[in-house]
Amino acid sequence: MAATGNAEETQLQEMEEEAGMEREMDSDEEEGMGIENSDDEEDDSSEDDKENEAEIQRLEEQLSINAFDYNCHVDLIKLLRQEGELPPLRKARQKMSELFPLTEEIWLDWLKDEIRLTEEEQNREKVYELFEIAVKDYICPEIWLEYAQYSIGGMGLPGGMEKVRSIFERALTAVGLHMTKGATLWEAYREFENVILATVQPPPGSVPTCEQQELLNAQLERIHTLFCRQLAIPLMDMEGTYAEYEEWSDQGVSDTVSQKYKRALQQMEKSKLYEETLMAAEPPKLAEYQTYIDYEQKEGDPARIQIIFERALAENCLVPDMWAKYTKYLDRQLKIRDLVLSSHDRAVRNCPWTMGLWKNYLLALERHGADHHTISDVFEKALNAGFIQATDYVNIWEAYLDYLRRRVDFSKESSRELEELRAAFTRSLDYMKQDVEESKWTCGLCTVLFILVLVCLCWRLTTVYYSCLGFSESGDPSCTIMQVWAKIEALHCKNIQKARELWDSIMTKGNAKFANMWLEYYNLERSYGDALHCRKALHRAVQCTSDYPEHVCEVLLTFERVEGSLEDWDAAVQKTETRLNRVNEQRAKVAEKEAHLVRQEEEKTEQRRRAKADKKNQKKGQKGSRPGEKRKAEDEDNENEWGEESEQPPKRHRGEGNQGSFRGGGAEEFMETESGLFGRRAPPCRRQEPPGAKRGQQMAPATVRKTQEDNPEQRKDDCSVFISNLAFSMEDPEKRLKELFEPCGPVQSVRPVYAAKGFRGYCYVQFEGKTSVPEALKMDRREVDGRPMFVSPCVDKNKNPDFKVFKYNTNLEKHKIFISGLPFSCTKEQLEELCKDQGTIKDIRLVTNRSGKPKGLAYVEFEDEAQASQAVLKLDGTVLQEHTLSVAISNPPRRNAANKPDFSRPMGAMMPQAMVYGSRGKGRTQLSLIPRSLHRQTGSESKAENGTAPKPTGGASGDAGFEAQAKPMSNSDFAKMLLRK
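Cut-offs and rules
- Residues numbered from 1 in each chain as written.
- Predicted model: local features only at pLDDT ≥ 70, side-chain atom pairs only at ≥ 80, totals over all residues.
- Heavy atoms only, no water.
- Helix = DSSP H or I, 4+ residues; strand = E, 2+ residues; numbered from the N terminus.
- Buried < 20%, exposed > 50% of the residue type's maximum accessible area, 1.4 Å probe, protein only.
- Contact = heavy atoms within 4.5 Å.
- Axes fitted to C-alpha atoms, helices over the stretch in contact; angles between N-to-C directions.
- Parallel < 35°, antiparallel > 145°, perpendicular 65-115°, else oblique.
- Left-handed = near helix turned anticlockwise from the far one by under 90°.
- Nonpolar A, V, L, I, M, F, W, Y, C, P; charged D, E, K, R; others polar.
- Pairing = 2+ DSSP bridges.
- Phe/Tyr/Trp six-rings, centres within 6.5 Å; stacked < 30°, edge-to-face > 60°.
- Polar contact = N/O pair within 3.5 Å; in protein donor to acceptor, adjacent residues only side chain to side chain.
- Core = buried A, V, L, I, M, F, W, Y, C linked by side-chain atoms within 4.5 Å.
- Arc of directions from axis to C-beta.
- pLDDT = per-residue confidence, 0-100.
- Salt bridge = Lys/Arg side-chain N within 4 Å of Asp/Glu carboxyl O.
- Patch = residues over 30% accessible without salt bridge, like charges linked within 9 Å, V, L, I, M, F, W, Y side chains within 5 Å.
- Areas by Shrake-Rupley, 256 points an atom, 1.4 Å probe, with all protein chains shown as cover.
- Lys, Arg positive; Asp, Glu negative; His and termini not counted.
- Charge placed at Lys NZ, Arg CZ, Asp CG, Glu CD.

*Asks:* Describe the overall build of the protein, listing the residues and the values that go with them.
*Replies:* When helices and strands are counted, the protein shows 36 helices and 15 strands. Across the 981 residues of the protein, 40% fall into the buried class. Sequence-distant contacts in the protein: of pairs separated by 6 or more residues, those separated by 24 or more amount to 63%.

This is the structure:
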């Protein structure tokens, strides 16, 4: 048994040794494999490190060229954080923070990294300073919460508990009203106080001393106050806070707290809809935030208005309009110095390319008593911000010069402030003269471009690029800065000679041709100079002005009536007559040149039409010689020319003669309205069948109904009006229009025009008497279903082809001005408010398109020419709702000038372009089907109002030509003529 046991032991030992050898072999293999794997990993990591180092070097070089590249800053910080290089990472973050406000994510990463470092270095003050910078960029509850929690770690230091409570109070002031995230800070503050409460409570079973009881009562009062303050603020899920307070309080909830809670709960329910809309909306949520802001402004709580503005800006920090609205509210309502100035500073850091924000910042600094050095520093930063337009630099200089002017005490003959003002004027002129430096525009452009990319406004990049290319050598072409300087010298400094020198310089910069510049100079001399220099300025103005020479001449003559002698009057009359004659000669030459260009264009058009007609005739001749094939080819050509079968006019066969109708007796009529030449046609078919039962069967029911109603004998054009530009989707137009026009008089019938697809958008309204027609015409352009309805007289174009509907003047109107560049939201009231100071306004007309949407154009009619000229001089270049207006005397282009008939050309050469089209040009359904040899030549163009144009007066041949064509021809005659060709 012993031997057997020894054998077993020996066998077990051998098995263990073998297993051990196997384990050693396996471990050796694993170690070998591990060494190989580690070598591979080291190779991969070394390659990645090299790539990261190369990328870091490239980004640093790019930032050395352009420090305003936002994306490069972000990429560099990410790479340095991956590499774990803390000193370069801290330096990169500091550089970016100096140029831009950092986002919440970047700040939290930076703060967490610094907190880990301070655990080793025991230097908490640096982190506190970093937190102070972070909370100033944006109002972020997460950063404030992180700040408060970090401060709790320093409770053991001297004054640590007071510092924690101070930070919590500041956090509640900043974001405690945040409806969705503010409750987190309130709860954290209460949790901190509860922990303090646990430390001051005496051990169970012991009797607290008086001092301990006082500490305990004070701590309980703090927690009670926190509950009461929170329950008085509308926050999401405030019902849970109320339940927690009920459970915590031994004495229950007081009536005062309960009433405040109910009011806050009602307010929360009102605001809950806006919060839910914000949560469901997609970024950037500008419209939703604006609606929320409008609601809070109506409620009138300044703290809640401020917090909703801050929330909107945290998500839309690159929207200048939002910053402008916020700073405007702070300037006019709160007027708290630190809050106002910090908000302006954040605005220009977020949107440095917006001149208006810098201008408002300068005004706010002056308004709140900032020192001169601070304002000058902000102005220098504004000059280096990289504005998009040259006018932005002019405006920022004007704002700074206004500030310097307000510092000067002009009661003293000389002062240091006056010298600084004059030096600033000189510097501004030099600055605007010089070309834009490449380095400055590189920084500015890159700032603007990367911002536009961030907010997904890529479509503006091309605009920005060309705007920068278009920055001229002189950024102030109107010399507004020099004009202000001249006025200051003349008014405040009593230095009229310096003012004259400045105006001489202004005129030598290309402004001598503008009448408004000379009149400004004249007004300056009139106010602060003498009659001699006034006369000299006006004589020079008459000689040099090219835009409004008549007005300048009138001003000179008026001046001589009041101030001058007989010799002065004679000299002024002679000078003005000579100048005006020269101007008229120049205008006549320009008009002749334009007319020559028009004739050349007409000849080119005629040649193209002839070539096209010859080519078509050649194709027709090659299709076949059989009569049936020829007629079939003509039908196909007509169908191709019109593009749609429904647009073809009705056709007749030879045997039908001059019948009254095609299918059912409906006569065809054409009416010209503001939208062009319209015709009433039954839906045509490609081939005409012989008269019989089949014809009636092929006819659409709607067409049958309309042709039966449209009996020509029952129509009275003098009792009817033509209605157009109606919506195709109008339901039951006959009933709708009858109700609309019944106030004008008894309506006999309403005849809507239908096509195969439905209502065509126009109709005829016939009244029982003629007296109703003028009342109906007054309804022209009334809005119906969101579109202006056009109402015009019902005139048969076949009987009166020269009738014109366009009711506005197409010639020069010296008493009326034309304004372009208006914002689409501009109303008549706003335009009247703008123009009323220039004279008596008789009428204002805003130009719209056919759908009723404004075009940004308007006509303003004054009582006389002088008022209109004065309005042009004062209003041209005015800015209205950030739109620069262009104002000129009304001189619209002549309508259809290219289609004016030329009586010197033979009648056979007249092209279809000479036919009378509508006031809005030739529509796609207004092709002429009249042969050229029979085309009727129209009379002279009507100048202004509705009515028939006069017959042309010409030679005998011209009169004979009209008489030859005066005989009316039937459709059958036209068909025979076409077949003979």
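*Asks:* Now, about the packing of helix α14 (residues 320-334) against helix α16 (residues 355-367): what can you tell me, with residues and values included?
*Replies:* Geometrically, a packed helix pair is captured by the angle between its two axes and the distance between the axes. The geometry of α14 relative to α16 is characterised by a closest axis approach of 11 Å and an angle of 15° between their N-to-C directions. One element, α14, and the other, α16, form an angle in the roughly parallel class. In the crossing of α14 with α16, the sense of the turn from one axis to the other is left-handed. Where α14 approaches α16, its residues Pro 320, Trp 323, Ala 324 and Asp 331 are matched on the opposing element by Leu 357, Ala 364 and Arg 367.

*Asks:* For the packing of α16 against helix α18 (residues 390-407), give the residues involved together with the corresponding values.
*Replies:* One can describe the packing of α16 onto α18 by two numbers: an axis separation of 9 Å at closest approach and a directional angle of 10°. Here α18 runs roughly parallel to α16, going by the angle between their axes. Contacts from Met 355, Trp 358, Lys 359, Leu 362, Leu 363 and Glu 366 in α16 reach Asp 392, Asn 395, Ile 396, Ala 399, Tyr 403 and Arg 406 in α18. A breakdown of the residues in the contact of α16 with α18 according to their chemical character gives seven nonpolar, one polar and four charged.

*Asks:* I'd love a proper account of the pairing of strand β10 (residues 841-848), names of residues and values included.
*Replies:* Where β10 lies against strand β11 (residues 854-862), seven bridges are found, and the strand directions are antiparallel. Bridge pairing links Thr 848 to Pro 854 in β11. Counting the residues between successive antiparallel strands, the hairpin from β10 to β11 contains five residues, one of them, Gly 852, with a positive phi of roughly 90°.

*Asks:* Explain the packing of aromatic side chains to me, and be specific about the residues and the numbers.
*Replies:* Within the structure shown, the criterion is met by 33 aromatic pairs. Aromatic side chains Tyr 274 and Tyr 292 sit 5.3 Å apart centroid to centroid with 15° between the ring planes, which places their arrangement in the stacked category. Note that Tyr 274 is positioned in helix α11 (residues 255-280) and Tyr 292 in helix α12 (residues 286-299), a separation of 18 residues in sequence. The exposure class of Tyr 292 is buried, given its relative accessible area of 2%. Plain terms: the ring middles of Phe 425 and Trp 485 are 5.2 Å apart, the flat faces sit at 10° to each other, and that makes the pair stacked.

*Asks:* Account for the sheet that holds strand β9 (residues 813-820), naming residues and giving values.
*Replies:* One open sheet accounts for four strands, arranged β10-β11-β9-β14; its pairing is antiparallel. Bordering the open sheet on either side are β10 and β14 (886-890), each of which pairs with just one other strand. On average, each strand axis in the sheet is inclined to that of its neighbour by 25°, with strand direction left out of account. Note that β9 and β11 share five bridges and pair antiparallel. Bridging across to β11, Ile 819 finds its partner in Ala 858. Its contacts with the sheet place helix α34 (residues 865-875) against β9, β11 and β14, and it is angled at close to 25° to β9.

*Asks:* Can you break down the sheet that holds strand β3 (residues 720-724) residue by residue, with the values?
*Replies:* Ordered in space as β4-β5-β3-β7-β6, the five strands form an open sheet in which the pairing is antiparallel. Bordering the open sheet on either side are β4 (747-755) and β6 (782-784), each of which pairs with just one other strand. Sheet twist, expressed as the mean angle between neighbouring strand axes with direction ignored, is 30°. Sheet topology note: the β3/strand β5 (residues 758-767) ladder contains four bridges and is antiparallel. The partner of Ser 720 across the bridge, within β5, is Gln 766. Taken strand by strand, helix α31 (residues 733-741) contacts β3, β4, β5, β6 and β7 (787-793), and its axis lies near 140° from that of β4.

*Asks:* Give me the side chain of Thr 354: which residues, what numbers.
*Replies:* Within the secondary structure, Thr 354 sits in the loop between α15 (337-350) and α16. Engagement of the side chain of Thr 354 in a polar contact is seen with the side chain of Trp 353, the distance being 3.5 Å. Apart from residues lying up to four places away in sequence, Thr 354 is in contact with Pro 320 and Phe 387.

*Asks:* Pulling in residues and values, what's your account of the nonpolar core?
*Replies:* In terms of nonpolar packing, the biggest core is built from 104 residues, with Ile 396 and Trp 397 touching the most fellow members. With nine residues, the single largest contributor to this core is α18. Residues Met 96, Cys 140, Leu 172 and Leu 318 belong to the second largest nonpolar core, which totals 55 residues.

*Asks:* Kindly report on α31, identifying the contributing residues and their values.
*Replies:* Of all the positions in α31, only Pro 733, Leu 737 and Phe 741 are classed as buried. Taken down its axis, α31 places every buried residue within 50° of arc, on the same side.

*Asks:* Report on the confidence of the model for the protein, specifying residues and quantitative values.
*Replies:* Chain-level pLDDT for the protein is 77 on average; 71% of the residues reach the 70-or-more range. Here helix α21 (residues 461-469) stands out as the least confident element of the protein, with mean pLDDT 37; α16 is the most confident, with 96. Note that pLDDT drops below 50 for residues 435-473; the model gives that stretch 54 contacts with residues more than four away or on any other chain.

*Asks:* Talk me through the pattern of salt bridges; I want residue IDs and the actual numbers.
*Replies:* Tallied over the full model, the rule gives 38 salt bridges. Note that Arg 165 is salt-bridged to Glu 193, the shortest N-O span being 3.0 Å. Separated by 28 residues along the polypeptide, Arg 165 in helix α7 (residues 160-175) and Glu 193 in helix α8 (residues 182-200) bring together distant segments of the chain. Exposure remark for Arg 165: the relative accessible area of 15% places this residue in the buried category. Between Arg 781 and Asp 780 there is a salt bridge; the shortest N-O distance is 4.0 Å. Where salt bridges share partners, they join Arg 81, Arg 93, Asp 113 and Arg 116 into one cluster.

*Asks:* With reference to specific residues and values, describe the pairing of β5.
*Replies:* Within β5, eight of the 10 residues are buried, which leaves it mostly tucked inside the rest of the structure. One ladder, built from seven bridges, connects β4 with β5; its direction is antiparallel. The partner of Pro 752 across the bridge, within β5, is Cys 763. Hairpin connection from β4 to β5: two residues lie between these consecutive antiparallel strands.

*Asks:* Can you lay out a negative patch on the surface for me, pointing to particular residues and giving the numbers?
*Replies:* A contiguous patch of negative charge on the surface is contributed by Glu 47, Asp 48, Asp 49, Glu 51, Glu 53, Glu 60, Glu 61 and Glu 85. On the basis of relative accessibility, which here comes to 47%, the residue Glu 53 falls in the partly exposed class.

*Asks:* Help me get a handle on the side chain of Gln 867, residues and values and all.
*Replies:* Here Gln 867 shows up in helix α34. With a relative accessible area of 15%, Gln 867 lands in the buried category. Discounting residues that sit within four places of it in the chain, Gln 867 has contacts with Gln 838, Gly 839, Thr 840 and Phe 862.

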